[in-house]
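Architecture and fold: a report
Spelled out from the first residue to the last, the chains are:
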Amino acid sequence: MAETKPKPGQPKTGVLLDIRNLRIEATVYPPGEAPKNIVLVHDVSLTLQQGKVLGLIGESGAGKSTIGLSSMGYGRGGVRITGGEVILNGRDILKGGKDGFRKLRGREVCYVAQSAAAAFNPAHKLMDQVVEATLLHGTATRAEAEKRAVALFKKLSLPNPETIGERFPHQVSGGQLQRVMTAMALCSEPDLIVFDEPTTALDVTTQIDVLAAIKDAIRDTHVAALYITHDLAVVAQVSDEIMVLRHGRLVEWGGTRQIIKEPRQEYTNALVSVHEIEHAEQNPGTTPFLSVKNVTAAYGRSHIKVLKNVSVDIYPGQTLAVVGESGSGKSTLARAITGLLPPEQGTVTFDGRPLANRLADRPKEDLRQLQMIYQMADVAMNPRQTVGTIIGRPLEFYFGIRGRERDTRVAELLDKIEMGKGFSDRYPAELSGGQKQRVCIARSLAAKPKLIICDEVTSALDPLVAHGILKLLLDLQKEENVAYLFITHDLATVKSIADSIAVMYRGEVVRYGPKSKVLTPPFDAYTDLLLSSVPEMEIGWLEKAIKGRRMASAGN
Amino acid sequence: MLDIKRIPIPALIGIILTTLFVLAAVFAPWIAPHGNGEIVGDVWEPMSSAYWLGTDNLGRDLLSRMIYGARITLFIAVLATALSFSLGAILGFSAAVFGGWFDTLLSRLVDLLMSIPTLIMGLVVLSVLPTNLVTLILVMGVLDSTRVYRLSRAVAVDINVMDYVEAAKLRGEGSGWIIFREILPNALSPLVSELGLRFIYAVLFLSTLSFLGLGVQPPDADWGGMVKENKDGIVFGIGAALIPAAAIAALAISVNLVADWILNRTTSLKGGRG
Amino acid sequence: MSSPILKLIAQRIALGIVLLLAVSVLIFAGTQILPGDVAQAILGQSATPESLANLREQLGLNDPAYIRYFHWLGGVLTGDLGTAMSSGQDIATSIKGRLWNTLFLAFWAAIVAVPLAIILGLIAVRYRNGWVDKLISGLALASTSFPEFFIGYVLVYFFAVKWQIFPGISTVYEGMPFLERMQAIALPATALTLVVLAHMMRMTRAAILNVMQSAYVETAELKGLSAFNVIRKHAFPNAIAPIINVVMLNLAYLIVGVVVVEVIFVYPGMGQYLVDHVTKRDVPVVQAVGLIFAAVYISLNIIADIAAIVANPRLRHPK
């Protein structure tokens, strides 16, 4: 370790960062209109002590990344800091000009991006990029910096810490890259690191490893951090304090315990309680209406089977949740059931008779009974059709309902999804993310199906919006007695919506049964890993979870 | 629905100029002060009140010939574009939707045709074919349809994998609905803008061929041919050849401006309202 | 350097050779689609049956097409391009000097156009959305709409006729002193430069912009690197492949522009030779010159692809 900074064990004290009345604006260029100014951050103030971690939390558009980057004097894509002071180590960095920014970036403040895969230059070796800032600011020689980097690789539990630096970014997995990026930020021994959603893009079992590595590294190096995320449970594990932001304004700021246990603002409360939907498990009936029996499937003529001998049952008016990480085959199961990917072996039975394997061989009535909702609502609707056409088409197509009757039915459906009938003339581009997903729900309901397949329908949405969608789905289930096949990677969602659960891992169902059984020990190794990896809104959860694990994560 | 005040000025200029060219072409015999082949004065007379643009290399009224030239230029370019567009778009869409050997065969053939510069291939073919309007239109249309094919295939392939197309397939819609109601409306804006570009290219290609003496044959002349007729005057400081050349440039620019605007207007994805 | 990358390059070159062979078939076939008789077309309606038969014999028209193709291809591969029908001269000999002239002209046009386009592209990126950028893209739009002869004759009108700085007709001969030769090609080279400049600049701008907006450039900025070093160490290594690609594509475009520009300036190169013989319907010359143009075009495309392969770190350092 270099001699220019206090050694570990002798942390600096006092105020490191003091942001006062920060105002940030940007110019937007709406097509066909004059450019206009919008305010992204409205007079936000915060202070951060040396060696402490402040979590910045909020939904998309809350301005949290923008505030984080302002501590480095940086504005993304035409974003300008137009007011306030950013006092770092006792001086206002906004007065230092470009040279001042350059001197502090990579030396006093470092940055860890959400997607390390994009943030590393594909043309250079990892080591060259990790030590670049240190060498640039001349705080260590190359040999020292590389030694420091290897030590950090070790601390962050990267495999082969001595040689991993010789690799190129594309030769390393996503979770590892995220840790290398953390090492890169720590290498120049800064006073502050801005973590910008560092684990959001990772699978849940990988996230916990990276999170633990980051937390250890922060503790051992006594660096201060701004930890930006939309996930309150994650930030509760690493932060000393939490600041809740919304639409660029401060909502609440307090100690981690206070925020998650005794939130003072209604909005914070909503964020904290977002996962808690009461949903009593229904008992499976006697006969399932849809049975998947021993289905095996592969893409093309590939030998790699994405589904291996999968069997599940779905009961009328109930929800089967299929949980798994990326590559587990959960979406492929949906494709096999809908006939988009005809299974190689096995059958899908519906109402006691086998369904044709291929989509093209299924009668219209079978197609009507199985509807689907997608993850990305924007691309699931034809941008050239109005909401009325989108929802009205299944009515026309399956039931031959036209004209005024169709319009009435569309209005009823819009009412069901809690949107007014004024929306029926709008185009998808004129709707918000949550509204788009609601329209997709209405479209599938219009067919009066027995089953709706929901493929990650809430994962692209902000937590509060997702919460609304889940509640809507549950209400509609009661009214319409429709069953759901709910595909997700998010166990919290599963707990609040499922009646039965199938856990998938590498193409196989590793655990299957009613919700209460699946979620009660004893667990198999993978389910245990998966369950223990879901962040809980509880201080000290991370340490407990890491200690209790029996199986290494899949991707790390 | 379309508010003239909201059309940006460059697009407005483009629309007005294009309209003027089209009107001149359609009403040529009524507008032109003199006949197309009528010799009215001396060789290369300067611009005057009698001959607004002067006279050409044989003493014909340049303005009248420009107006008749607009007719031939636009006529051939429009037909060649129509041919290249319908051929390219139909084959491109079919390749994307049907796939398989049909797609592979067509795509390789197009790759092959595009590995030779269009002008060179055009010259090779024209060295043996009779020089008449039909050949000209066929050669221009077929050679240029390769580009339309590539674009429409790419656009259709992209749209074909969108979730909303999958949703329509899951609903059980037939290929008619999928092609005409789901794919086509979304492919329209790149295709319309491409239509403009293809037309410009056809005008420039035709002009180049005529300038090289391989396009429209005398006594008829399109603008490119008129540049050829009058090019010898340049060295004497007579700018007659520059006038048809500038007209080609002006036509190309105005169509470009219109195509640009249409592309911008329709990509805002609010049904053209926003 | 590892073997997978060499394999990819070898594959690309092999593909190019196959393509070139296919193109030779296409060019040969393109000259066989005449609805009627070549000999008749050459000699005209008044030809006697004997002279027609003689000419057919001479051209080998009595053999089936594929025999004639292989005969022709065999000749091309051994450097024998045949004889011109119109003049009876050996085509290879006539082409040699002209090919050199064309390459000389294209070379100097490229020497000016490539750096200029890259610099202007960089300026447009630096002042993105400012008036400089708008002016540059406006000019680009205009110049892609200009026919080559418009640019050519405007240059002649002003520089050769009005101000008499450069000659309007580019006469070159063997053994011409270098400076005189440069003066002779000044206008055609300028015209060619203008023809490709705008397009190349617009594509360069897009390529650089694409790289500058990537996350790793932001990472570099957030390390405190100066703007110059961000570009030198992080943007440039990744922008080089797309820029080479842009340059090669436009050089390929340049060889088309050469045909028209040579005719405008009466420059004794391949383009003028080709156009002359198309008018004379001299099929052997058209085939030979067409094949050479296609070969140059295909080679430039291969170079562009190889540059992209070599510059791609994922291929250079496989997993």
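Since the structure is predicted, the reported quantities are computational estimates derived from the model, not experimental observations. (Residues numbered from 1 in each chain as written. Chains lettered and ligands numbered in written order. Predicted model: local features only at pLDDT ≥ 70, side-chain atom pairs only at ≥ 80, totals over all residues.)

**Points about the overall build of chain A**
- When its secondary structure is counted, chain A shows 22 helices and 20 strands.
- Scaling as 2.2 N^0.38, a compact globule of 556 residues should have a C-alpha radius of gyration of about 24 Å, and chain A matches this with 26 Å.
- The principal-axis extents of the C-alpha atoms in chain A amount to approximately 75 × 55 × 45 Å.
- Counting every position in chain A, which comprises 556 residues, the buried fraction comes to 49%.
- Partitioning the contacts of chain A with sequence separation of at least 6, the portion at a separation of at least 24 is 70%. (Helix = DSSP H or I, 4+ residues; strand = E, 2+ residues; numbered from the N terminus. Rg over C-alpha atoms; globule rule 2.2 N^0.38 Å. Buried ≥ 20, exposed ≤ 12 C-beta atoms within 10 Å, placed from the backbone. Contact = placed C-beta atoms within 7 Å.)

**What to know about the overall build of chain B**
- Counting its regular elements, chain B contains 10 helices and zero strands.
- Listing the helices and strands of chain B from first to last along the sequence gives α-α-α-α-α-α-α-α-α-α.
- The C-alpha extent of chain B, read off along each of the three principal axes, is 75 × 50 × 30 Å.
- Here chain B holds 274 residues, and 49% of them are scored as buried.

**Here's the deal with the sheet that holds strand β6 (residues 109-112) of chain A**
All names here are of chain A.
- Pairing is mixed across the open sheet formed by six strands, whose spatial order is β6-β7-β8-β3-β9-β10. Bordering the open sheet on either side are β6 and β10 (249-255), each of which pairs with just one other strand. Sheet twist, expressed as the average angle between the axes of neighbouring strands with direction ignored, equals 15°.
- With respect to the sheet, helix α7 (residues 174-187) is in contact with β6 and β7 (192-196), its orientation differing from that of β6 by roughly 175°. (Pairing = 2+ DSSP bridges. Axes fitted to C-alpha atoms, helices over the stretch in contact; angles between N-to-C directions.)

**Overview of the packing of helix α1 (residues 9-26) of chain B against helix α3 (residues 62-98) of chain B**
Residue and element names in this part refer to chain B.
- Following both chains from N to C, one finds α1 and α3 inclined at 100°, their axes separated by 7 Å at the closest point. Judged by the inter-axis angle, α1 sits roughly perpendicular to α3. Together, F21, V22, A24 and A25 of α1 and I67, A70, R71 and L74 of α3 make up the contact between the two elements.
- Of the residues contributing to the contact of α1 with α3, the split by class is seven nonpolar, no polar and one charged. (Parallel < 35°, antiparallel > 145°, perpendicular 65-115°, else oblique. Nonpolar A, V, L, I, M, F, W, Y, C, P; charged D, E, K, R; others polar.)

**Description of the interface of chain B and chain C**
- Across the contact, 37 residues belong to chain B and 39 residues belong to chain C.
- Residue assignment for the side of chain B that touches chain C shows that the elements contributing at least two residues are α5 (118-126), α8 (175-211) and α10 (242-266) of chain B.
- Per-element tally for the side of chain B that touches chain C: the top contributor is α10(B), with eight residues.
- When its residues are assigned to classes, the side of chain B that touches chain C shows 28 nonpolar, eight polar and one charged.

**Notes on the pairing of β7(A)**
All names here are of chain A.
- Along β7, five of the five residues are buried, which leaves the element largely enclosed by surrounding structure.
- With burial as the criterion, each face of β7 is covered, one bearing L192, V194 and D196 and the other bearing I193 and F195.
- Pairing of β6 with β7 involves four bridges; the strand directions are parallel. In the strand pairing of β7, V112 is matched with F195.

**What to know about the sheet that holds strand β18 (residues 483-488) of chain A**
Residue and element names in this part refer to chain A.
- The six strands are arranged β16-β17-β18-β13-β19-β20 in an open sheet whose pairing can be described as mixed. Looking at strand neighbours, the two that pair on one side only are β16 (370-373) and β20 (508-514), the edges of this open sheet. This sheet shows a mean twist of 15° between the axes of neighbouring strands, independent of strand direction.
- Relative to β18, strand β17 (residues 451-455) is paired through five bridges, and the arrangement is parallel. Bridge pairing in β18 links C454 to F486.
- Set on the sheet, helix α17 (residues 433-446) makes contact with β16 and β17; between it and β16 the angle comes to about 175°.

**Considerations on the domain arrangement of chain A**
All names here are of chain A.
- Domain boundaries in chain A define domain 1 (15-272) and domain 2 (290-536).
- Using only C-alpha atoms to locate each centre, domain 1 and domain 2 end up separated by 36 Å.
- Facing the 14 residues of domain 1 at the interface are 12 residues of domain 2.
- If one sorts the elements of the side of domain 1 that touches domain 2 by residue count, helix α8 (residues 204-221) sits on top with four residues. (Domains from an automatic or database assignment.)

**A look at the packing of helix α5 (residues 91-126) of chain C against helix α10 (residues 227-264) of chain C**
Residues and elements named next belong to chain C.
- Between α5 and α10, whose axes approach to 10 Å, the crossing angle comes to 140°. With respect to α10, the axis of α5 lies oblique. Judged by the sense of rotation from one axis to the other, the crossing of α5 with α10 is right-handed. Counting all contacts with α5, which are made through T102, L105, A106, A109, A110, V114 and I118, the residues of α10 involved are I243, V247, L251, L254, I255 and V258. (Left-handed = near helix turned anticlockwise from the far one by under 90°.)

**Details of the environment of A:I218**
Residues and elements named next belong to chain A.
- Within the fold, I218 resides in helix α8.
- Taking the C-beta count within 10 Å as the criterion, I218 has 21 such neighbours and is therefore assigned buried.
- Sequence-wise, I218 and T182 are 36 residues apart; in three dimensions their C-alpha atoms are separated by 9.8 Å.
- Beyond its immediate sequence surroundings of up to four residues, I218 is in contact with V53, V223, A225 and V238.

**Remarks on the confidence of the model for chain A**
- Of all residues in chain A, 95% have pLDDT values of 70 or greater, and the mean over the chain is 87.
- Note that residues 1-9 of chain A has pLDDT below 50 and, in this model, 13 contacts with residues that lie over four places away or in other chains. (pLDDT = per-residue confidence, 0-100.)

**Topic: the interface of chain C and chain A**
- Opposite the 16 residues of chain C that make contact, chain A presents 23 residues.
- Secondary-structure elements contributing two or more residues to the side of chain C that touches chain A are α9 (215-222), α10 and α13 (313-316) of chain C.
- No other element matches the four residues that α9(C) contributes to the side of chain C that touches chain A.
- Per-class residue counts for the side of chain C that touches chain A are six nonpolar, seven polar and three charged.

**Remarks on the environment of A:S188**
All names here are of chain A.
- On the secondary structure map, S188 appears in the loop between α7 and β7.
- Each C-alpha atom of the pair S188 and C110 lies 8.3 Å from the other, and the pair is 78 residues apart in sequence.
- Ignoring sequence-local partners within four residues, the contact set of S188 consists of G106, R107, C110, A133, T134, H137 and T139.

**Comments concerning helix α18 (residues 463-480) of chain A**
Residues and elements named next belong to chain A.
- Taking 1.5 Å of rise per residue, 18 residues should cover 26 Å, and α18 covers 25 Å from first to last C-alpha, within 8% of that figure.
- Buried residues of α18: A466, H467, I469, L470, L473 and Q477, and no others. Angular distribution of buried residues about the axis of α18 spans 165°; they occupy a single face of the element. Exposed positions of α18 whose direction lies more than 90 degrees from the buried face are D475, K478 and E479.
- The positive-phi residue at the C-terminal boundary of α18 is N481, with phi of around 55°. (Expected span 1.5 Å × (residues − 1). Arc of directions from axis to C-beta.)

**Considering unusual backbone geometry**
- Following A:P521, the chain continues into A:P522 via a peptide bond in cis, with omega recorded as 0°.
- Along the chain, the position of A:P522 falls in the loop between α20 (515-518) and α21 (525-533).
- Residue B:P219 is reached from B:P218 by a cis peptide bond, and omega for that bond is 10°.
- For B:P219, the position within the fold is in the loop between α8 and α9 (223-230).
- With a phi angle near 50°, A:E197 is a residue other than glycine that sits in the positive phi range.
- Its place among the elements puts A:E197 in the loop between β7 and α8.

**So, the environment of B:K231**
- Counting through the fold element by element, B:K231 comes out in the loop between α9 and α10.
- Aside from chain neighbours lying at most four places away, what touches B:K231 is B:A241 and C:Y153.

**Points about helix α6 (residues 133-160) of chain B**
- Between its first and last C-alpha atoms α6(B) spans 38 Å; for 28 residues at 1.5 Å apiece the expected length is 40 Å, and the two agree.
- Along its length, α6(B) shows its largest kink, about 30°, at B:S145. (Bend = angle between axes of the 7 residues up to and from the residue.)

**Details of the confidence of the model for chain B**
- Looking at chain B, the pLDDT average stands at 86 and 95% of residues meet or exceed 70.
- Reported for the predicted complex are a pTM of 0.81 and an ipTM of 0.85.

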